[in-house]
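Spelled out from the first residue to the last, the chains are:
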Amino acid sequence: MKQASTVATTNGASRWNERRRAFVSTILAAILLVGIAACSWLLGSSGLSVQLENRNLAPSMTHLFGTDWLGRDMLSRTVKGLALSIKVGLLGAACSVVIAATMGLMSATLGRTVDRIISWLIDVCLSVPHLVMLILIAFVCGGGLKGIAIGIMLTHWPSLARIIRAEAMQLMAAEYVLVARKLGSSRFKVATRHLAPHLLPQLLVGFLVLFPHAVLHEAAITFLGLGMSPHQPAIGIILSESMRYLSTGMWWLAVFPGLGLLLTVRAFDKLGNHLRQLLDPRHTHL
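### Notes on the overall build of the protein
Each helix and strand counted, the protein has 10 helices and zero strands in total. The order of helices and strands in the protein, counted from the N terminus, is α-α-α-α-α-α-α-α-α-α. Counting across all 286 residues of the protein, residues that qualify as buried make up 42%. Long-range pairs, those at least 24 residues apart, make up 70% of the contacts in the protein with a sequence separation of at least 6.

Here it is, written out as structure tokens:
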């Protein structure tokens, strides 16, 4: 009994630590998002204008992140680029979650034929290299912000859809769902009232896990020059342009935008991992 009590106490402390880490990660991620959005709004567009008299300045109190070869303030460009990446990442991740939820619920509720078709579609999407498919879709959709956003929406849902399908299949075998079907509930009603509410935690974690991937892929596409105009302050464009000037000692052109992207992605990746640990079935039998 004493040993069992000790184990229960240890598990309870571990559970509390996980909840605390998840809470702290949530607060930090929210502060980061609000901070970038607020700074992007407060800085305005004056720092993006060309000022040749201030070009190639190292970081100083006047220009905290220095300036580039056209005299543009790198702090403004970095913050604006992060805000744009976050906007595209949020839009792409949210739409991917909606597609994954729709596919998973359809696969579980519309019969074996639909399930086979959706499973085949998921396997096809997962078999193609992710970045290649993203580039093709973005190119077909005309590139730019719209093309990148559509490409992210249509390429990030398969892995989450497979998880949602498996969860929905398990729920379809639950007694309350079987009773609802016997009482005449339609498949749409079963999916929306009995399955979807139980899948919300998985969808939330899926969104938080997909978001950093969407941000990184947006940066990768713009880095390759297949996305937006070079005049737009996107992190990928900034990093791509900085490659030509690193050999001249202008390290600040790549270091600060790269660190900003890394911190943003890492913050949401940690948040998603902590929430996933809290929802792990192995931690529910304390």
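### Describing the nonpolar core
Trp157, Leu195 and Leu261 are the most contacted members of the largest nonpolar core, which totals 44 residues. Counting residues per element, the ones that place at least two in this core are helix 1 (2–43), helix 2 (74–109), helix 3 (112–127), helix 6 (158–172), helix 8 (187–223), helix 9 (235–242) and helix 10 (252–278). Counting residues per element, this core draws most heavily on helix 8, which supplies 11 residues. Setting aside residues up to four positions removed in sequence, Leu261 forms contacts with Leu82, Val215, Leu216, Ala219 and Ile235.

### Quick word on the side chain of Glu218
Mapping Glu218 onto the fold places it in helix 8. For Glu218, which is buried and forms no salt bridge, the nearest opposite charge comes from Lys87, at a distance of 11 Å. Side chain to side chain, Glu218 and Ser85 meet in a polar contact 2.7 Å long.

### Remarks on the packing of aromatic side chains
For the coordinates displayed, the defined rule picks out five aromatic pairs. Ring geometry for Trp69 and Tyr245: centres 4.5 Å apart, planes at 10 degrees, overall stacked. Remark: Tyr245 occurs in the loop between helix 9 and helix 10 and Trp69 occurs in the loop between helix 1 and helix 2; sequence separation between them is 176 residues. Measuring from ring centre to ring centre gives 5.8 Å for Trp251 and Phe256, while their planes differ by 50 degrees; the resulting arrangement is tilted. Every member of this aromatic cluster is reached through a ring pair, and the members are Phe65, Trp251, Trp252 and Phe256. Lying across the ring of Trp69, Arg72 places its NZ or CZ 5.5 Å from the centre.

### Description of unusual backbone geometry
The residue Asn56 is not glycine, and still its phi comes out positive at about 60 degrees. Tracing the backbone through its elements, the reader meets Asn56 in the loop between helix 1 and helix 2. On the basis of relative accessible area, Asn56 is assigned to the partly exposed category, the value being 37%.

### Looking at the pattern of salt bridges
Enumeration over the complete set of coordinates arrives at five salt bridges. For Asp68, the salt bridge identified is with Arg72, shortest N-O distance 2.8 Å. Using a relative accessible area of 0% as the deciding quantity, one classes Asp68 as buried. The partner of Asp123 in a salt bridge is Arg162, and the shortest N-O contact between them spans 2.5 Å.

### So, helix 5 (residues 144–155)
Between its first and last C-alpha, helix 5 extends 17 Å over 12 residues, near the 16 Å set by a 1.5 Å rise per residue. If you check which residues of helix 5 are buried, you get Gly147, Ile148, Ala149, Gly151, Ile152, Met153 and Thr155. In this structure, the buried side of helix 5 is in contact with helix 2, helix 4 (130–140), helix 6 and helix 8.

### Comments concerning helix 4
Among all positions of helix 4, only Met133, Leu134, Ile137 and Ala138 are buried. The arc that holds the buried residues of helix 4, viewed along the axis, is 130 degrees, so those residues lie on one side. In helix 4, the exposed residues that point more than 90 degrees away from the buried face are Leu136, Phe139 and Val140. Just past helix 4, the residue Gly142 takes up positive phi, approximately 95 degrees.

### Some details on the confidence of the model for the protein
The predicted model of the protein averages 81 in pLDDT, with 89% of residues at 70 or higher. Between residues 281–286, whose pLDDT stays under 50, and residues either more than four places distant or in other chains, the model counts five contacts.

About the cut-offs
Residues numbered from 1 in each chain as written. Predicted model: local features only at pLDDT ≥ 70, side-chain atom pairs only at ≥ 80, totals over all residues. Heavy atoms only, no water. Helix = DSSP H or I, 4+ residues; strand = E, 2+ residues; numbered from the N terminus. Buried < 20%, exposed > 50% of the residue type's maximum accessible area, 1.4 Å probe, protein only. Contact = heavy atoms within 4.5 Å. Core = buried A, V, L, I, M, F, W, Y, C linked by side-chain atoms within 4.5 Å. Lys, Arg positive; Asp, Glu negative; His and termini not counted. Salt bridge = Lys/Arg side-chain N within 4 Å of Asp/Glu carboxyl O. Polar contact = N/O pair within 3.5 Å; in protein donor to acceptor, adjacent residues only side chain to side chain. Phe/Tyr/Trp six-rings, centres within 6.5 Å; stacked < 30°, edge-to-face > 60°. Lys NZ or Arg CZ within 6 Å of the ring centre and 35° of its normal. Expected span 1.5 Å × (residues − 1). Arc of directions from axis to C-beta. pLDDT = per-residue confidence, 0-100.

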